[in-house]
Amino acid sequence: MSLDNSHPSKENVADTKPSASVDREQTIMAFLKKVKESLPIHYVASRDGIFVAAPRTREPLGSRICSLFRVVAMARTSESKDWTWLIEILTPDVTVSELLIPKDSLIAKRKDTLGKLQSYGMDFGVFQELEVLELFKAWQPSARVFTVNTPGWDSEMQTFVMPDGSVETSNETKDHYIFADAKQSCRVGTFEGWQSEVAHMCIGNPHLIFGVSLALAGPLLEPMGLDSGLFHLHGDTSIGKSASLRVANSVWRSEQLQTWKTTSNGLEGRLATANSTFFAIDELPKVPHHEFENDIYMIGNGFGKQRSDTAGKALTPAAWKMYCLSTGENDLATVLKSMKKDRHGGQTVRFIDVVVKHGEEGSFEDIHDLKDGKAFVSHLRQAALAHAGHAGPKFVREFLQRGCDGVTLLTDLKWKSEHLEKQICNKFDLEKLEPEVTRVIERFAVIALAGEMASEYGVTEWPMGTADHAVSLLIDQWFHGRGGNSAVDRADAIERTREYLEACGNRDFIDIEGFD
């Protein structure tokens, strides 16, 4: 985000392509002008670099200190801690690199800091190292920015950091923010390409609509104070489950899908970087790693393991708010049984099974004039990789510009949840639903709400009611698949008792009829 008209855009930060000779000269002179405007009084700059200035003549005195750079602003957290220099460096390729240099690193990690400056293109000799550090201390810009370390919302819900490090703010926010962590490369293709080649192909296919709507629900959870969760698409192999996952993933990023072949620590790190957006995880095996049960609670609870530093002081755990989408051939009960573990109600409200049925064209109902389901999957795979990372930021931008808030969202959510609950009760002739059923229905309602908002915002260009209809169909499949309205713990206990009696009844019990 610009602090003034001269501040570079985020897209230029990683640009390393040499300019044409005329453009190179213009870039050098424009950057030199900015350096001169803010350089501390005892220094002077030329196109060759920065020098100490002679007291009277203001001519360069002695050897060059370093190549051209400038301190743009002082950055800090919202609690006014961790003060940092935001700097720009003119690289040997005549491009501008932007980076953050913590103030305390000049003392605690001097050599590492100097090495980082050189890795970003700053040039200075061994004998100039101390002079470079002194120059930093002397440079005191008036501009201020806030740093954020994780994607997602700030504490005021007025600023949202995208996975690529770009920042969107509401119309009411006048502060400037910058992402202090590593930026992900997320956007490819165009938003219009995504709408025509991906979003349009979802129409008529409930699982695709559901996946995209679920991916867009991430930014809504924190404003409404709701928990994270995971939806798991399971069914026969080669029916399009992974295609649904790729389509959903294209809402936020272009990367290849992650799989369940990971450790809990690795999963925790990936979840934190996807905060307030979406996380896709493919191919749940029948026998996952031994901490899989803990992973379910970790994903749903929204925070990682508690750790401490070398002094024993507790560190802040990694945290996130979002919905995840998973795929595999088996449902949760089958996977846990293969691990010789019992399923519990708390798991089923965090890890929600949705069966994907095999139809004439796999799991798809409308292949949009393509030859067959295989051709449709191929199109989705290529389109989701070619056009990605645009829909999620567009959704957030519209959300901020329209001044939406958590109170309004909760009102809409309550209406949708009640409507879906009545739908289930009427269809299955029930008077009241179990608490764990209503908790899951609320999560489905969030997804329907996000999908309908995306239609209203022009993100998906789906007709209004498209997401509501798709979510209603999948709720029916989920409710039927879970065995109806009974509480999972009670139903599973009855089933285990039945299995035991069938297997061991003749051995452990006797018929008391006629017993004297």
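Definitions and limits used
Residues numbered from 1 in each chain as written. Predicted model: local features only at pLDDT ≥ 70, side-chain atom pairs only at ≥ 80, totals over all residues. Heavy atoms only, no water. Pairing = 2+ DSSP bridges. Helix = DSSP H or I, 4+ residues; strand = E, 2+ residues; numbered from the N terminus. Axes fitted to C-alpha atoms, helices over the stretch in contact; angles between N-to-C directions. Contact = heavy atoms within 4.5 Å. Expected span 1.5 Å × (residues − 1). Buried < 20%, exposed > 50% of the residue type's maximum accessible area, 1.4 Å probe, protein only. Polar contact = N/O pair within 3.5 Å; in protein donor to acceptor, adjacent residues only side chain to side chain. Phe/Tyr/Trp six-rings, centres within 6.5 Å; stacked < 30°, edge-to-face > 60°. Lys NZ or Arg CZ within 6 Å of the ring centre and 35° of its normal. Right-handed = clockwise from strand over helix to strand, strands pointing away. Salt bridge = Lys/Arg side-chain N within 4 Å of Asp/Glu carboxyl O. Core = buried A, V, L, I, M, F, W, Y, C linked by side-chain atoms within 4.5 Å.

## Section: the sheet that holds strand β4 (residues 69-76)
- If you walk across this open sheet you meet the five strands as β6-β5-β4-β7-β11, and the pairing is mixed. With one partner strand each, in any of the chains shown, β6 (96-102) and β11 (177-179) form the two edges of the open sheet. Ignoring strand direction, the axes of neighbouring strands in this sheet form an average angle of 40°.
- Bridge count for β4 against strand β7 (residues 144-148) is three bridges, and the pairing is parallel. If you follow A75 over to β7, its bridge partner there is V145.
- Across the sheet, helix α1 (residues 21-38) lies against β4, β5 (84-90) and β6, angled at about 55° from β4, the strand it touches most.

## Thoughts on helix α5 (residues 191-202)
- Over its twelve residues, α5 extends 15 Å from the first C-alpha to the last, a length consistent with the 16 Å expected when each residue adds 1.5 Å.
- Here α5 has its buried residues at F191, G193, W194, Q195, V198, A199, M201 and C202.
- Regarding α5, its N-cap is T190, as a side-chain oxygen of that residue lies 2.9 Å from the backbone nitrogen of G193 further along.
- Directly beyond the C-terminal end of α5, a positive phi value near 90° is found at G204.

## What about the packing of aromatic side chains?
- According to the stated counting rule, one finds 18 aromatic pairs in the structure shown.
- Geometrically, the ring pair formed by F146 and Y177 is tilted, given 5.5 Å between the ring centres and 35° between the ring planes. On the criterion of sequence distance, the pair formed by F146 in strand β7 and Y177 in strand β11 is long-range, its members being 31 residues apart. One exposure class covers both F146 and Y177, and it is buried.
- Plain terms: the ring middles of F210 and F231 are 5.5 Å apart, the flat faces sit at 75° to each other, and that makes the pair edge-to-face. Placement of the pair is F210 in helix α6 (residues 206-216) and F231 in strand β12 (residues 229-234), with a sequence separation of 21 residues. Note on accessibility: F210 and F231 belong to one class, buried.
- The rings of F210, F231, Y323, F428, F444, W478 and F479 are connected pair by pair, giving a single aromatic cluster.
- Above the face of the F146 ring, R76 is positioned so that its terminal group lies 4.0 Å from the ring centre.

## A short note on the pairing of β6
- In terms of burial, β6 is a largely internal element, six of the seven residues being buried.
- Two elements, β5 and β6, share seven bridges in a ladder whose sense is antiparallel. Residue pairing for β6: L86 is matched across the bridge by L100.
- The turn linking β5 back onto β6 is made up of five residues, and V94 within it adopts a positive phi angle of 60°.

## A look at the pairing of strand β14 (residues 278-284)
- For β14, the buried fraction is high: six of the seven residues fall into the buried class.
- Pairing analysis gives two bridges linking strand β13 (residues 258-259) to β14, with the strands arranged parallel. Note that in β14 the partner of T259 across the bridge is D282.
- A crossover connection joins β13 to the parallel β14 through helix α9 (residues 264-273); in handedness this β-α-β unit is right-handed.
- Note that β14 and strand β15 (residues 323-328) share five bridges and pair parallel.

## A closer look at unusual backbone geometry
- The backbone phi angle of S238 is positive, close to 60°, even though this residue is not glycine.
- For S238, the location among the structural elements is in the loop between β12 and α8 (241-249).
- The backbone phi angle of H368 is positive, close to 50°, even though this residue is not glycine.
- Position of H368 among the secondary structure elements: in the loop between β16 (351-355) and α13 (373-386).

## Remarks on the pattern of salt bridges
- Taken as a whole, this structure holds 16 salt bridges when the rule is applied.
- The partner of R402 in a salt bridge is E456, with the nearest N and O atoms 3.7 Å apart. With a gap of 54 residues between them, R402 in the loop between α14 (391-401) and α15 (406-428) and E456 in helix α16 (residues 435-457) connect regions that are remote in the sequence.
- D468 serves as the salt-bridge partner of K416, at 2.8 Å between the closest nitrogen and oxygen. Of this pair, K416 sits in helix α15 while D468 sits in helix α17 (residues 466-481), placing them 52 residues apart in sequence.
- For D468, a relative accessible area of 26% gives the class partly exposed.
- Because the salt bridges share partners, they merge into one network encompassing K394, E398, R402 and E456.

## Some thoughts on the nonpolar core
- Within the largest apolar cluster, 78 residues are counted, with the highest numbers of intra-cluster contacts made by W194, F210, F231, L325, F444 and W478.
- The element best represented in this core is α16, accounting for 13 residues.
- Setting aside residues up to four positions removed in sequence, F444 forms contacts with F210, F231, I352, V354, L420, V471, L474, I475 and W478.
- If you look at the next biggest cluster of nonpolar residues, it comprises 32 residues, including V71, W85, L90 and L135.

## Looking at α14
- Counted residue by residue, α14 has eight buried out of eleven residues, so it is predominantly covered.
- Residues of α14 that are buried include every one of A391, G392, P393, F395, V396, E398, F399 and L400, and no others.
- Count one or two residues on from α14 and you reach G403, which has phi positive near 65°.

## Remarks on the environment of T77
- Positionally, T77 belongs in the loop between β4 and β5.
- Taking the C-alpha atoms as reference, T77 lies 9.8 Å from A180; in sequence the two are 103 residues apart.
- Non-local contacts of T77, meaning those with residues more than four positions away in its chain, are made with D82, F146 and T147.

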